[in-house]
Amino acid sequence: MKILVTGVTGFVGGHLAEFLAVHHPEIELHGTARTLEAPHYMEFLKGRLRFHECDIDDKRGVEKTISDVFPDVIIHLAAQSYVNSSWERPEATLHTNIIGQSNVFEAVRGLMSDAYNPTILIACSSEEYGFHAPVGGFTEASPLRPHSPYALSKVAQDYMGYQYWSAYGMKIIRIRAFNHTGPRRDPVFGVSGFCRKVVEIEKGMHPPQLETRDLTAVRDFTDVRDVVQAYWLAIERCRAGEVYNVCSGKGVSFREIINVVTSLSRVQPITLVPDPKGVRPTDGGVIIGNNKKFCQATGWQPHYDFLHQTIPDIVEYWRGNLT
């Protein structure tokens, strides 16, 4: 079996490649990246993962890569994934996420035949639902109320997946992943940023204070190492044309997160101060998912405790990788 992971050098792509290399050595593993300069932590994958230089926005480059690899499975992760950047450059987010995915779908459609119809998993988002989870959490049938250009792009990707399955019979599985993090997460993302700042404080690089925004916000976090396992199980066991939530089903406030992060610091006390950038449009609210449909389809259950395993692992990552 040949698998192509788009955006393989990204945060989730790197963890997915590591998972597949370790647990499924029988797979011929390919990945796209905008440059062939892989992160240092992917060095051990040399000889195991075949890199393809390909910008998802480049239609001809995507067509060439997919025709060269001719994958049995495509896991499409390449995207502009930072919500705040989508406010600053909405056109770039919309183009990369929507047109980039269209490039992948059209490249596959051009190769389709009775003998070739690869399975495609697309990474959608809990951001599609908005910020007011009902009792029991958002289900796949909950209304979609995107509140950012990023969320809007993910709704478009989601429904594009449905449309290509419905119109062309393409084997597309849609996964709405809720918040996920872990070691190697870029510090522009909140939890990893807090953990990095604590390590900077320990090293004397920053005064003992953390800049915070709305600590009442509640999110549903899952460890990235559980999420990549979920993606693989989705390929093995989920139905094309369907959409599934991948989440813990539990909410945690940013107040709880900050309490855990600061408790891990070797420097005490740490003072909380308002973020000088002020409130952002994506602050606040409650985003909690319902994972019943996915768990019933795959048997998946998260293994990592977010507060007591994931966060300490991120802190330890920064202790070992911050100079």
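Conventions adopted
- Residues numbered from 1 in each chain as written.
- Predicted model: local features only at pLDDT ≥ 70, side-chain atom pairs only at ≥ 80, totals over all residues.
- Heavy atoms only, no water.
- Pairing = 2+ DSSP bridges.
- Helix = DSSP H or I, 4+ residues; strand = E, 2+ residues; numbered from the N terminus.
- Salt bridge = Lys/Arg side-chain N within 4 Å of Asp/Glu carboxyl O.
- Buried < 20%, exposed > 50% of the residue type's maximum accessible area, 1.4 Å probe, protein only.
- Core = buried A, V, L, I, M, F, W, Y, C linked by side-chain atoms within 4.5 Å.
- Contact = heavy atoms within 4.5 Å.

Draft legend 1. Fine view of the sheet that holds strand E12 (residues 252–253). Spatial strand order, E12-E9-E14: three strands in an open sheet with mixed pairing. In the strand order of this sheet, the two ends are held by E12 and strand E14 (286–287), each with one partner. Inspection of the sheet shows strand E9 (residues 218–219) paired to E14 by two bridges, in the parallel sense. When the sheet's bridge partners are listed, Val218 is paired in E14 with Val286.

Draft legend 2. How the structure looks around the pattern of salt bridges. All told, the structure shown has 17 salt bridges when counted by the stated rule. For Arg176, the salt bridge goes to Glu128, with nearest N and O atoms at 3.7 Å. Here Arg176, found in strand E6 (residues 171–177), pairs with Glu128, found in the loop between strand E5 (119–125) and helix H5 (149–168); they are 48 residues apart in sequence, far enough to count as distant. Accessibility assignment for this pair places Arg176 and Glu128 in one class, buried. Across the salt bridge formed by Glu316 and Arg319, the nearest N and O atoms sit 2.5 Å from each other. Of this pair, Glu316 and Arg319 both sit in helix H10 (residues 306–321), three residues apart, which is roughly one turn of that helix. We classify Glu316 as partly exposed; its relative accessible area is 43%. Arg319 gets classed as buried once you look at its relative accessible area, which sits at 18%. If you follow the salt bridges from partner to partner, you end up with Glu128, Asp158, Arg174 and Arg176 in one network.

Draft legend 3. A look at the nonpolar core. Ranked by size, the top nonpolar core spans 39 residues in total, and within it Ile3, Ile75, Ile175, Tyr231 and Phe294 carry the most contacts. Of all elements in the fold, only strand E1 (2–6), helix H1 (11–23), strand E4 (73–76), E5, E6, helix H7 (224–237), strand E11 (243–246) and helix H9 (292–298) reach the threshold of two or more residues within this core. Take this core: its biggest share by element is nine residues, from H7. What Ile75 contacts, discounting residues up to four positions off in sequence, is Ile3, Leu4, Val5, Thr6, Leu16, Leu121 and Ile235.

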